[in-house]
Amino acid sequence: MKQKKTVCVVGLGYVGLPLAVRCSEKGYKILGLEMNQRKVDLINQGKSPIEEKFLEENLPKFKVKASTDEKIIKEADIVLICVPTPVDKKFYPDLSPVIGASEAVARNLKKGALVVLESTVNPGVSEEVVKPIFEKAGYEIGKDVFLAHCPERINPGDKKWNVTNIPRVVGSFDAKGLKIAKEFYESIVDGAIRPMKSIREAEAVKIVENSFRDINIAFVNELARSFEKMDIDVKDVILGAATKPFAFMAHFPSCGVGGHCIPVDPYYLIERAKLSGFSHDFLKLARKINNSMSNYTVELLQDALNLAGKPMKNVRVGVLGISYKANVDDMRESPYFKIIKLLEEYKTKYNSFDPHVKNKSTVKSLEELLENSDAVLVVTDHKEFVEINPKIFKKFGIKVIVDGKNCLDKDKIRKLGIIYKGIGR
Ligand code: SAJ
C-alpha cells in the first residue's frame, strides 16, 4: 500500500514537516504544500527551516518535495492538514488557516481521497467548519472524500518522543474513513493508534491534554505566589511531592506559559462551550493566573532592585532567553515579549540574549550581555544558561538575578552576595 500512495502535507511547520519526512521514510510519495517560499527553498535543498534534531538528522535522508502551488494536491491519495490554529489578540480562536487550507484541498482533491486534519481544534470544527467546505464543493463525505481528525502531538525539543513513536487517536465521520485513517497512521507510527467513537471526541482529546497541562501549571504558579510569602521554596515542595510514585504529576512555576499549544488550546474549548451555554470558569481562571506570571516576574524584579537600592528606570537589565521553552528556537507566545513590554513601560534599559534566537537578541554573546547589565532576568531555561558558573555573574558585577524558570542555583548565587529571586523561591 505504502509504495502506491501519494501523501500531500499542507503546512510544513513544526508538525507538518516531521510528518512529511516520516511518510517519506516509510515509502510514501510525499509532497509538501507550504506558502512560505523561503521554507520551500530550504526544504527542497534538504535543509530544515527550524532547529529540531529529528529534522536536521532525517530531512537530508528522506527528501520532501515542497511547493507553494496548491495544484499538487491533485496528485494526493492522502492529504494531511497541519496548519496553525492561533488565537487573536482577544484570545478568540482564529480558524482562518484551517478554512483556507480546507478550501484549497476541496478545490483540488481527487475523488476517494482521505483528508486528515491534524491541527488542534475544538470539538465541532470538523463537523461545523471543515465538512461543509467539502459538501459545498460537491463532495459526498464517506464516498467522494473521507474526512478524519488525528490531533498532532509534537513536542518540540523532545529527544524521546517524536512523530515516529508518539501514540495517536483518530476519529472520522464514518467507519470506512476511520479504517483507512487508522491504517495510514499505523503504517507510519510505531505507537498505538486509538480509534475514537466520533470525530468530535478525537478533537476533544487534544484540547483536554493541553488544558490539563495549563491548569496544572496554573496550580503551581498560584502555589509559587503563596509560598513566596511563607518563605517556602515551591520547587523543593513540588520535587518532594513528586516522590509519590502515583497520582501526582510534577509541573513547575515560571515567568509564563508560552508556545503554540498550551496557552492557546484552552481558549478553543472555552469559546466553543460558550456557544453551547457552558462557562469553563476553571479553565478561564487558569489562563488568567498563567497570563499574570509575566507581570508577577517584573514585580519580583522591582522588589529585588529596591532591595539593592537600584530603581527600575536607572538600571540595566540583561534578559536571558527569548524562546518559549528550553533548547528550542520557537518564540511563539513566549513570555519574553510581555516582559520586555513591561520593562519598556518602566523605561528600564535592557538587553537580551538567546543563543537559539540570535536574530532577535540585542547583543551577540552572553559576555556582552553581562558586561552591559546590573541585573539579570532569566526567561528561558536553555542548557547554556543553566550551565553558567554563578561566579561569572559576580565577575561581571551583577547585583540582582530574577530566575523566571527557577533553573539557576539559588544557594550558590546568594552565597556570592547576589540578590536572587525565583518564582516561588
Ligand atoms: N511550562 C511551565 N511549567 C511547566 C511546564 C511548562 O511553565 O511545568 C511552560 C513552558 O516554559 C512553556 C509552556 O509552559 O513556556 C509550554 O511548555 P510545554 O512543555 O507544554 O511545551 P509545548 O508548548 O511544546 O507543549 C507540547 C505539547 N504537545 C502538543 O501539543 C502536541 C503538550 O501537549 C505537551 O504536554 C508538551 O509539549 C510536553 O509534554 O512537553
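Residues numbered from 1 in each chain as written. Predicted model: local features only at pLDDT ≥ 70, side-chain atom pairs only at ≥ 80, totals over all residues. Heavy atoms only, no water.

(A) Looking closely at the overall build of the chain. Along the backbone of the chain there are 15 helices and 13 strands. Rg of the C-alpha trace for the chain: 23 Å, near the compact-globule value of 22 Å for 425 residues, within the 12% margin. Across its three principal directions, the C-alpha atoms of the chain cover 70 × 50 × 40 Å. For the chain, restricting intrachain contacts to residue pairs at least 6 apart in sequence, the fraction spanning at least 24 positions comes to 72%. Measuring between centres, the 68 positive side-chain charges of the chain sit 1 Å from its 56 negative side-chain charges. (Helix = DSSP H or I, 4+ residues; strand = E, 2+ residues; numbered from the N terminus. Rg over C-alpha atoms; globule rule 2.2 N^0.38 Å. Contact = heavy atoms within 4.5 Å. Lys, Arg positive; Asp, Glu negative; His and termini not counted. Charge placed at Lys NZ, Arg CZ, Asp CG, Glu CD.)

(B) Representation of the domain arrangement of the chain within the structure. As assigned here, the chain comprises domain 1 (6–196) and domain 2 (204–425). Measuring from the centre of the C-alpha atoms in domain 1 to the corresponding centre in domain 2 gives 33 Å. Taken together, the contact between domain 1 and domain 2 spans 24 residues of the former and 23 residues of the latter. Summed over both partners, the interface of domain 1 with domain 2 comes to about 2100 Å²; 57% of that surface belongs to carbon and sulfur atoms. Put simply, Arg153 and Glu209 hold a salt bridge, and the shortest N to O gap is 2.4 Å. Joining domain 1 to domain 2, the criterion identifies 11 residue pairs in polar contact (both at pLDDT 80 or more). (Domains from an automatic or database assignment. Buried area = accessible area lost by both parts, 1.4 Å probe. Salt bridge = Lys/Arg side-chain N within 4 Å of Asp/Glu carboxyl O. Polar contact = N/O pair within 3.5 Å; in protein donor to acceptor, adjacent residues only side chain to side chain.)

(C) Quick look at the sheet that holds strand S2 (residues 29–33). Read from one edge of the open sheet, 8 strands run S3-S2-S1-S4-S5-S6-S7-S8, paired in mixed fashion. Only two strands of the sheet have a single partner each, and these edge strands are strand S3 (65–67) and strand S8 (193–195). Each strand of the sheet is rotated relative to its neighbour by a mean of 25 degrees, with strand direction disregarded. By the bridge criterion, 4 bridges tie strand S4 (residues 78–81) to strand S5 (residues 113–117) in an arrangement that is parallel. Pairing of Ile78 across the sheet is with Leu114, part of S5. (Pairing = 2+ DSSP bridges. Axes fitted to C-alpha atoms, helices over the stretch in contact; angles between N-to-C directions.)

(D) Focus on the packing of aromatic side chains. In this structure the tally under the stated criterion is 5 aromatic pairs. Consider the rings of Phe134 and Tyr139, whose centres lie 5.8 Å apart with planes at 70 degrees: the pair is edge-to-face. Accessibility classification places Phe134 together with Tyr139 in one group, the buried group. Centroid distance Tyr336 to Phe337: 5.2 Å. Interplanar angle 80 degrees. Geometry classified as edge-to-face. Under the relative-accessibility criterion, Phe337 is labelled partly exposed at 33%. Ring pairs connect the aromatic residues Tyr28, Phe184 and Tyr185, which therefore count as one cluster. Over the ring of Tyr139 we find Lys111; its NZ or CZ atom is 4.9 Å from the centre of that ring. If you follow Lys131 out to its NZ or CZ, it ends over the ring of Phe173, 5.0 Å from the centre. (Phe/Tyr/Trp six-rings, centres within 6.5 Å; stacked < 30°, edge-to-face > 60°. Buried < 20%, exposed > 50% of the residue type's maximum accessible area, 1.4 Å probe, protein only. Lys NZ or Arg CZ within 6 Å of the ring centre and 35° of its normal.)

(E) Expanded view of the pattern of salt bridges. Applying the stated rule across the entire model yields 25 salt bridges. Between Arg425 and Asp233 there is a salt bridge whose closest N-O contact spans 3.4 Å. In this pair, Arg425 sits in the segment after strand S13 (419–422) while Asp233 sits in the loop between helix H7 (199–227) and helix H8 (234–241), placing the two residues 192 residues apart along the sequence. Both residues of the pair, Arg425 and Asp233, belong to the buried class. Across the pair Glu345 and Lys341 runs a salt bridge, and its minimum N-O distance is 3.6 Å. Remark: Lys341 and Glu345 occur in helix H11 (residues 335–345); sequence separation between them is 4 residues, near one turn of the helix. The two residues Glu345 and Lys341 agree in class, both being exposed.

(F) Spotlight on the environment of Asn372. Residue placement: Asn372 occurs in the loop between helix H12 (366–371) and strand S11 (375–378). Note: C-alpha distance between Asn372 and Pro84 (288 residues apart in sequence) is 38 Å. Residues contacting Asn372, with those up to four places away along its chain left out, are Arg316 and Asn351. Polar contacts involving the side chain of Asn372 include one to the main-chain carbonyl oxygen of Glu368, which spans 2.7 Å.

(G) Local environment of the site of the ligand. Around the ligand lies a shell of 20 residues, among which Asn155, Asn210, Arg213, Phe252 and Lys405 are the nearest. Between the ligand and Lys206 there is a distance of 3.3 Å, counted from an oxygen atom to a side-chain nitrogen or oxygen. Note that an oxygen atom of the ligand is positioned 2.6 Å from one of the side-chain N or O atoms of Arg213. In the complex, 85% of the free accessible area of the ligand, which totals 730 Å², lies under the protein chains. In terms of residue class, the shell around the ligand is built from 8 nonpolar, 6 polar and 6 charged. (Near = heavy atom within 4 Å. Areas by Shrake-Rupley, 256 points an atom, 1.4 Å probe, with all protein chains shown as cover. Nonpolar A, V, L, I, M, F, W, Y, C, P; charged D, E, K, R; others polar.)

(H) Just the side chain of Asn351, in detail. Structurally, Asn351 is set in strand S10 (residues 349–353). Beyond its immediate stretch of four places on either side in the chain, Asn351 contacts Val317, Gly318, Val319, Thr362, Val363, Leu369 and Asn372.

(I) Representation of the side chain of Asp265 within the structure. With respect to the helices and strands, Asp265 occurs in helix H9 (residues 265–275). Buried charge without a salt bridge: Asp265, with Lys206 as the nearest opposite-charge side chain at an N-O distance of 4.4 Å. Of note is the side chain of Asp265, whose polar atom sits 2.6 Å from the side chain of Asn210.

(J) Spatial organisation of helix H6 (residues 175–188). If you check H6, its first and last C-alpha atoms are 20 Å apart, about what 14 residues at 1.5 Å a residue would give, namely 20 Å. Those residues of H6 not exposed but buried are Gly177, Ala181, Phe184, Tyr185, Ser187 and Ile188. Along the axis of H6, the buried residues cluster in a sector spanning 155 degrees; they form a single face. (Expected span 1.5 Å × (residues − 1). Arc of directions from axis to C-beta.)

(K) Examining unusual backbone geometry more closely. Residue Phe91 is not a glycine yet carries a positive backbone phi of 65 degrees. As for its placement among the helices and strands, Phe91 is situated in the loop between S4 and helix H4 (96–108). For Ala247, which is not glycine, the phi torsion reads 60 degrees and is therefore positive. Within the fold, Ala247 resides in the loop between H8 and H9.

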